[in-house]
Structure formats: C-alpha cells, structure tokens
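One letter stands for each residue in the lines below.
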Amino acid sequence: MDALAANLAAVRERIAAAATAAGRAPDAVTLIAVTKYARDEWVRGLLDLGVRDLGENRPQQLTERAETFTAQPPVRWHQIGQLQRNKVQKLLPAAFLTHSVDSETLLARIERVAAEEGLVPAVLLQANVSGEDSKSGFTPDALRALWDAGLDRFPHVRVRGLMTMAPAAAPDAVEAVARPVFAGLRTLRDELGGAEALPMLSMGMSGDFEPAIAEGATHVRLGSVLYAGLAEG
Ligand SMILES: *Cc1c(COP(=O)(O)O)cnc(C)c1O
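Reading the values: rules and limits
Residues numbered from 1 in each chain as written. Predicted model: local features only at pLDDT ≥ 70, side-chain atom pairs only at ≥ 80, totals over all residues. Heavy atoms only, no water. UniProt positions renumbered as here; feature names shortened; annotations may be inferred. Buried < 20%, exposed > 50% of the residue type's maximum accessible area, 1.4 Å probe, protein only. Helix = DSSP H or I, 4+ residues; strand = E, 2+ residues; numbered from the N terminus. Pairing = 2+ DSSP bridges. Right-handed = clockwise from strand over helix to strand, strands pointing away.

- Within an unreviewed UniProt entry, the label attached to the chain reads Pyridoxal phosphate homeostasis protein, and the organism entered is Alienimonas californiensis.
- Within the UniProt record for the chain, the comment given under Cofactor (unreviewed entry) is "pyridoxal 5'-phosphate".
- Taken from UniProt, the Sequence similarities (unreviewed entry) comment for the chain reads in full: "Belongs to the pyridoxal phosphate-binding protein YggS/PROSC family."

1. Some remarks on the pairing of strand β2 (residues 53–56)
The side chains of a regular strand alternate, first on one face of the sheet and then on the other.
Stage number 1. Of the two faces of β2, both are covered, the one formed by Asp53 and Gly55 as well as the one formed by Leu54 and Glu56.
Stage number 2. Where strand β1 (residues 30–34) and β2 come together, two bridges link them in parallel fashion. Paired with Ala33 across the two strands is Leu54, which belongs to β2.
Stage number 3. As paired strands, β2 and strand β3 (residues 76–79) are joined by four bridges and run parallel to one another. Counted as the bridge partner of Leu54 is Trp77 from β3.
Stage number 4. In the classification by handedness, the crossover that spans β2, the intervening helix α3 (residues 59–68) and the parallel β3 is right-handed.

Right under this line is the structure:
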C-alpha cells in the first residue's frame, strides 16, 4: 500500500497548492476518494490512511460496502452516481451525502421516503452546466424554476449545494473546457442562494480538480489519480 499512501500524499499536496493559489484554506476542500473501481484491499488501505470520505456511484455497492467497511471515526459515504427512484429507500440510511439528485421527480421521491423513515438527508442538486446531452442533471433554467417554486415543498431534505461534471478533456484543454463549467456552477449557486444557503460545490475529478478548486469547489471526487500504479502490484 506504499503506492496508495504516496498517491494520496501527492493528491493532498496538489489540493492544498490549488487552494492556496486561489486564496482559500486547504481544509476548505474535502477529498472524496471514489472507490467505485477500487479493490477491497485499496478501500481498506484508504481507511488505514485516515480517509473517511468515500464515494460510490452505484447505490447497491455503497450500501454493501457501508456494511463491510466500518471504521472509527465512521466513514462518510457519498452517493455520486445516478440514483434510480427505486433505490432511494435502501440508500438513504447509508449515505452521508447524495450528490446526484438530478430531477425534481427524484427530489420528491427522496422527500417522501425521508418523511416516512424519519430522516432528513443532505443532498446536492446535480446541474448540467455544460449542456451535453450525455450528462444528467437539472438545466440551469430548471434549477431556477425549482427555486422560484420554493424548496419548502421538501421539508425533509436538506439541499446543501450543487454538483456538476465537466466534459472530458485532454490535459492541455482542461483549462479551456472544464474551468468555464466550474465557474458556471459557482455563478449559478451565487444566483440561487449564495454560499450561505448553498455552501457545498461538488466539482472536480482526477483530470480537472485543480481548476475546480480555483473556481470554489468544496468537494472534489477523485478516483483514478489515487490508484495509479496499484493494479500491477
Ligand atoms: C467515477 C467518478 C468520479 C471519479 O473519476 P476519476 O476520473 O477516476 O477521478 C467522480 N465523479 C463521478 C460522478 C464519478 O462517477
């Protein structure tokens, strides 16, 4: 697990450097280790290294791993991938934060299940800022309409912020392609309620987390950069 420790240390340094360069405190950015492709031993290795924020994109795998991988202090499990309505009931008790609420129908479903189960889950609303057909999420206009109609229709859901994904880009195009999308999410957040109402911005993956931090990311979701070189070992 030496490679994992080295990768993690390097990533933490890059996060801190990007935050500092943007005039932000390094601890204003939470590293979520995305474990969707990680072997069990890597998940255990991350926990041994003190990581407590883990992200899965399939609810089934999240709930299974939440039972398998326990730690003190407890793991905070992040649901980052698409969530089908029929998976909400099982997911909610296990998830610390659901990043991928991508429609009003899903939000309404979460509200109903949460009310029934006596829960008040924290969620982020996923926005499709780039406008790509392949990306799910609220369009900016759909989010504005949701705001105008009022979030008080969902009293059992705590909407804590916004999430987005930038288009995939070659390394030398990230600044040009991804950064405007991250800036767009921040602008949208400022328009809707500002950092007080919506403190969390989940944006940035292995290939583009530095520009995301420059634009105000509070949560970066990192997978492959943590596991580089591990599969051969
Ligand atoms: C897989 C995934 C990530 C992590 O991707 P990497 O490029 O491996 O860092 C982040 N966010 C979401 C929504 C994902 O599905």
